[in-house]
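Examining the three-dimensional arrangement
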Amino acid sequence: MNTQQAEKKVFQLRVEIERHNHLYYIDAKPEIPDREYDRLYDELKELERQFPLLATPESPTMRVGGQPLEGFSQVKHSVPMMSLANTYSTTELDEFYQRLSKLSEGRTFSCCVEPKIDGLAVSLRYEKGLLVLGSTRGDGKTGDDITANIRTIKSIPLRLHGTADEIPAVLEVRGEVFMTKAGFIRLNEQRIATGDEAFANPRNAAAGSLKLLDPNTVAGRPLDAIFYGLGETQGLVITTHEGLVQTLRKLGLKTAPRIWHCNDIQTILSAISELQALKQTFTFEIDGAVVKVNERQLYDMFGSTAKSPRWAVAYKYEPERAETILEAITVQVGRTGVLTPVAELRPVFLAGSTISRATLHNISEIERKDIRIGDTVIIEKAGEVIPAVIGVKMELRSGREKIFKMPASCPVCAEAVSKAEDEAAWRCENLQCPAQIKRWIQYYAARGAMDIDGLGEAIVEQLVDKGLVKDPSDLYKLTLFDLVALERMGEKSAVNMLSAIAASKSRELWRAIFALGIRHIGTRSAQTLEDNFETIDDLMQATTEQLTGIRDIGTIVSASITAFFSHTQNRNLIERLKAHGLQFRRTARPASGTSMKGMTFVLTGTLASMTRDQAGEIIRSLGGSTSSSVSAKTSFVLAGEEAGSKLDKARKLGVKIISEPEFLVMAGRSVKP
Ligand code: IVH
């Protein structure tokens, strides 16, 4: 390929990739499977490697990367970033509206009501359509230059959409960076699994992420952004807030999922309560509604106070809270030995469910809030999902409440606990602690790791308590006899479990690396390691220089890998796992293709060589799709063992039924005897 051809191809790929980014991150309607997207991305990356002159900062491949920053430089905002006045009652809102009516001097105006996103205010500057600067609000006049981190957020376009005459010469757009509720939960699960402290709520997680100096780490954080305002602009005429939102949307920026247009205070109030009712359905947290005047040409007339404009106000929703009695504090031991105090509460109903336990994070948190056993505490659903104790009703104290002390020994194995100076957490250092082993085995077998179906908490508890399993390698020694002796385990499930355990031996290398539980290694970094090392032995022998030389692997992760493999017991574990037949070797990636394009599969029953999810992945990688119910449009029903009613339906509708070996042949896979 000559440079000219490459340039054309690079351009096409960029347009195509950004289109898919938009479909995926903004419209939430992806058109192609992840693997196909990865293929486009890899092709672009390869071309940019071969033709370095074609690599430009607005290429989608440049979303991640670069050296970690020493610190953030400061940015002066050309138009100050103000904040909003808060109101908590409809009376105050009424007053706000009355004031507007007075200040408008008879001119008609309307209002918009939109979600107040609970994230961090940012300002982005686009020049000639290219993202040139991203900054935090700071004190409103000067903020931090977080361009490198902003560029990693996939829903933010690096280049605005539209033709040259639609793109303003300068556009400074203001909005909110946030973490979705689901992304927050996933991130915390991962952090707990890798021995890091969990974030208290999505806002803190977003703030913590944006403040990271290494954009590579930020890229792994599930951040998103919604825009609602303007800073400096050149070449842009916008008269209403509604028009602004429409324009931003057209330029490829994400905007609020719902905006109400209101002509009087009654409609404003009903929009606010509609929004409150809808708030649970949003993928992100909101902490109120923002009411703003729609007619932007009136903004100057309304003016502002030192801190906030008079044409807008925030109506804050009270977070859903409840009061209950803290009956006890128990201590949980995590996979890495971290001791987490847990509040055992008198059950209370809060935002849709009954709460009887809540996290207390760590001992310093308990001390800081002076939480004592027997206290009446206030609980809140952080992230609307995870309940947390946020404070104590001091006035209700009787004096009989007890101060909680972290136990000096592990509540599970009774070994001494310790606390590293630079950490908030106490740990049980005993690697043989049954609690740690249980969490470890569950982690090893988890879906995102070795994916051993059926090996849930109750089974793991019994296996460890009976002394049958002390580390993951013992799973491969289990016999049918061991398993049927467990409670709630029939012969059939025992057979299935044995085959699920056996199937885990041929999982991808990255899963095996992740499942080892090396601190700071999440699925993403495990995949990066697989990309760079053929076998686990190669990884074990890797030097620090080799590791830190890998994009996305920083010094902390590298040190953690080296530390893990320096322990004899870890190396021995790998040897034992190998002796049981684990490959610890990169397998050829299934080629993506189009051989199943346009075909719809329904999967039913248990497959022998893979899970249904894995079969689905293969189908999607080959351009096909899956569906959960059989209809006349179904191309094939893939039937495993014990297939149920879907088979009958397929027969009735005359849909072709195929077996697993037939499927493997169709997918171009070798069929194992
Ligand atoms: S308008 C002149 N609209 O709330 C200030 N702000 O408490 C214009 N926020 O600093 C802000 N959602 O970070 C506006 N839909 C929304 C918002 C929003 C969240 C944040 C923003 C602001 C803070 C004020």
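Residues numbered from 1 in each chain as written. Predicted model: local features only at pLDDT ≥ 70, side-chain atom pairs only at ≥ 80, totals over all residues. Heavy atoms only, no water.

Considering the sheet that holds strand β4 (residues 120-127)
Taken in spatial order, the 4 strands of this open sheet run β5-β4-β7-β8, and their pairing is antiparallel. Two strands in the sheet have a free side with no partner beyond their single neighbour: β5 (130-136) and β8 (223-234). Taken pair by pair, the neighbouring strands of this sheet meet at an average axis angle of 25°, ignoring direction. Docked against the sheet, helix α8 (residues 241-250) engages β7 (170-179) and β8, running at close to 115° with respect to β8. (Pairing = 2+ DSSP bridges. Helix = DSSP H or I, 4+ residues; strand = E, 2+ residues; numbered from the N terminus. Axes fitted to C-alpha atoms, helices over the stretch in contact; angles between N-to-C directions. Contact = heavy atoms within 4.5 Å.)

Looking at the sheet that holds strand β23 (residues 636-639)
The strand order across the open sheet formed by 4 strands is β22-β21-β23-β24, and the pairing between neighbours is parallel. At either margin of the open sheet sits one strand with a lone partner, and together these are β22 (625-627) and β24 (656-658). Pairs of neighbouring strands in the sheet enclose a mean axial angle of 35°, with direction left out of account. Sheet analysis places strand β21 (residues 600-604) next to β22, joined by 3 bridges and oriented parallel. Across the sheet, V602 pairs through a bridge with S627, a residue of β22. Against the sheet, helix α22 (residues 612-621) contacts β21, β22 and β23, and its axis sits at roughly 170° relative to β21.

Points about unusual backbone geometry
A positive phi angle, near 55°, is found at R488, a position not held by glycine. Looking at R488, the relative accessible area reads 68%, which means it is exposed. Here H520, not a glycine, exhibits a phi torsion of approximately 70°, which is positive. Checked against the element boundaries, H520 lands in the loop between α16 (509-515) and α17 (523-532). (Buried < 20%, exposed > 50% of the residue type's maximum accessible area, 1.4 Å probe, protein only.)

Focus on the environment of L160
In this structure, L160 sits in the loop between α4 (147-150) and β7. Here the alpha-carbon distance between L160 and G252, two residues 92 residues apart in the chain, equals 6.0 Å. Apart from residues lying up to four places away in sequence, L160 is in contact with Y126, G129, I167, L171, L251 and L253.

A few points about the site of the ligand
Around the ligand, the surrounding shell consists of M82, L84, E114, P115, K116, I117, A121, E176, Y228, V290, K292 and P309. A distance of 2.8 Å separates a nitrogen atom of the ligand from a polar atom in the side chain of E114. A distance of 3.1 Å separates a nitrogen atom of the ligand from a polar atom in the backbone of P115. Computed on the free molecule, the ligand has an accessible area of 520 Å², of which 86% lies beneath the protein chains in the complex. Here the shell around the ligand gets 4 residues from one element, more than from any other, and that element is strand β3 (residues 111-117). (Near = heavy atom within 4 Å. Polar contact = N/O pair within 3.5 Å; in protein donor to acceptor, adjacent residues only side chain to side chain. Areas by Shrake-Rupley, 256 points an atom, 1.4 Å probe, with all protein chains shown as cover.)

Observations concerning the pattern of salt bridges
Per the stated rule, a full pass over the model turns up 40 salt bridges. A salt bridge links K477 to D474; its shortest N-O distance comes to 3.1 Å. For D474, a relative accessible area of 11% gives the class buried. The salt bridge involving E508 is made with R511; its shortest N-O contact spans 3.1 Å. (Salt bridge = Lys/Arg side-chain N within 4 Å of Asp/Glu carboxyl O.)

Structural notes on the packing of aromatic side chains
Per the counting criterion, the structure on display carries 12 aromatic pairs. Relative to W311, the ring of Y299 has its centre 3.8 Å away and its plane inclined at 5°; by these criteria the two rings are stacked. Here W311 lies in the loop between α10 (299-302) and β11 (312-316) and Y299 lies in helix α10, a separation of 12 residues in the sequence. Judged by centre distance (6.0 Å) and plane angle (75°), the rings of Y315 and Y317 are edge-to-face. (Phe/Tyr/Trp six-rings, centres within 6.5 Å; stacked < 30°, edge-to-face > 60°.)

So, helix α1 (residues 3-26)
Given 3.6 residues per helical turn, the α-helix brings residues three or four places apart onto the same face. Over its 24 residues, α1 runs 33 Å from end to end, which matches the ideal 34 Å to within 8%, given 1.5 Å per residue. Of all the positions in α1, only A6, V10, L13, R14, I17, E18, H20, N21, H22, L23 and I26 are classed as buried. The N-terminus of α1 is capped by N2, whose side-chain oxygen sits 3.1 Å from the backbone nitrogen of Q4. (Expected span 1.5 Å × (residues − 1).)

Brief notes about the nonpolar core
Counting 53 residues, the largest nonpolar core has L455 and L475 as the members making the most contacts within it. For this core, the secondary-structure elements that each account for two or more residues are α12 (434-445), α13 (457-465), α15 (491-503), α16, α17, α18 (536-541), α20 (555-566) and α21 (568-579). Excluding anything up to four places from it in sequence, L455 contacts I441, A445, V460, L463, L475 and M497. Counting 34 residues, the second-largest nonpolar core is a separate cluster that includes F72, V122, L158 and A225. (Core = buried A, V, L, I, M, F, W, Y, C linked by side-chain atoms within 4.5 Å.)

Re the packing of α1 against helix α2 (residues 34-50)
It is at 10 Å that the axes of α1 and α2 come closest, and there the two elements cross at 145°. Judged by the sense of rotation from one axis to the other, the crossing of α1 with α2 is left-handed. The residues of α2 that touch α1, namely those facing A6, K9, V10, L13, R14, E16, I17, H20, N21 and Y24, are D34, Y37, L40, Y41, E43, L44, L47 and E48. Taken together, the residues of the contact of α1 with α2 sort by class into 10 nonpolar, 2 polar and 6 charged. (Left-handed = near helix turned anticlockwise from the far one by under 90°. Nonpolar A, V, L, I, M, F, W, Y, C, P; charged D, E, K, R; others polar.)

Some details on the state of the cysteines
Such a bond, covalent and formed between the sulfur atoms of two cysteines, is termed a disulfide. Counted according to the given criterion, the structure contains 0 disulfides. A disulfide-free cysteine, C112 has its sulfur positioned 7.5 Å from the sulfur of C262, the nearest such atom. Owing to a relative accessible area of 0%, C112 belongs among the buried residues under this scheme. The cysteine C433 is free of any disulfide, with C410 supplying the nearest cysteine sulfur at 3.8 Å. We classify C433 as buried; its relative accessible area is 0%. (Disulfide = S-S within 2.5 Å.)

Some thoughts on the packing of α20 against α21
When two helices pack together, their arrangement is given by the angle between the helix axes and the distance between those axes. Where α20 contacts α21, the axes come no closer than 5 Å and their chain directions differ by 75°. Overall, the two elements α20 and α21 adopt an arrangement that is roughly perpendicular. Residues F564, F565 and S566 of α20 touch α21, and the partners they reach there are T568, N570, R571 and I574. (Parallel < 35°, antiparallel > 145°, perpendicular 65-115°, else oblique.)

What to know about α2
Taking 1.5 Å per residue as the helical rise, α2 with its 17 residues ought to reach 24 Å, and the 24 Å between its terminal C-alpha atoms agrees with that figure. Every buried residue of α2 is listed here: E36, Y37, L40, Y41, L44, L47 and E48. The buried residues of α2 occupy an angular sector of 140° when the element is viewed end-on, so they sit on one face. (Arc of directions from axis to C-beta.)

Let's talk about the side chain of E58
As for its placement among the helices and strands, E58 is situated in the loop between α2 and β1 (74-76). A residue is classified by how much of its surface remains accessible, and E58, at 16% relative accessible area, is buried. Among the polar contacts made by the side chain of E58, one reaches the side chain of R159 at a distance of 2.9 Å. Excluding residues within four positions of it along the chain, E58 makes contact with E18, L130, R151, L158 and R159.

Quick notes on the pairing of strand β12 (residues 321-333)
Strand direction decides the pairing type here: β12 and strand β13 (residues 338-350), joined by 7 bridges, are antiparallel. Each bridged residue has a counterpart across the sheet, and for I329 the counterpart in β13 is A343. In this structure, the hairpin formed by β12 and β13 is closed by a connection of 4 residues, where G337 is found at a positive phi of approximately 90°.

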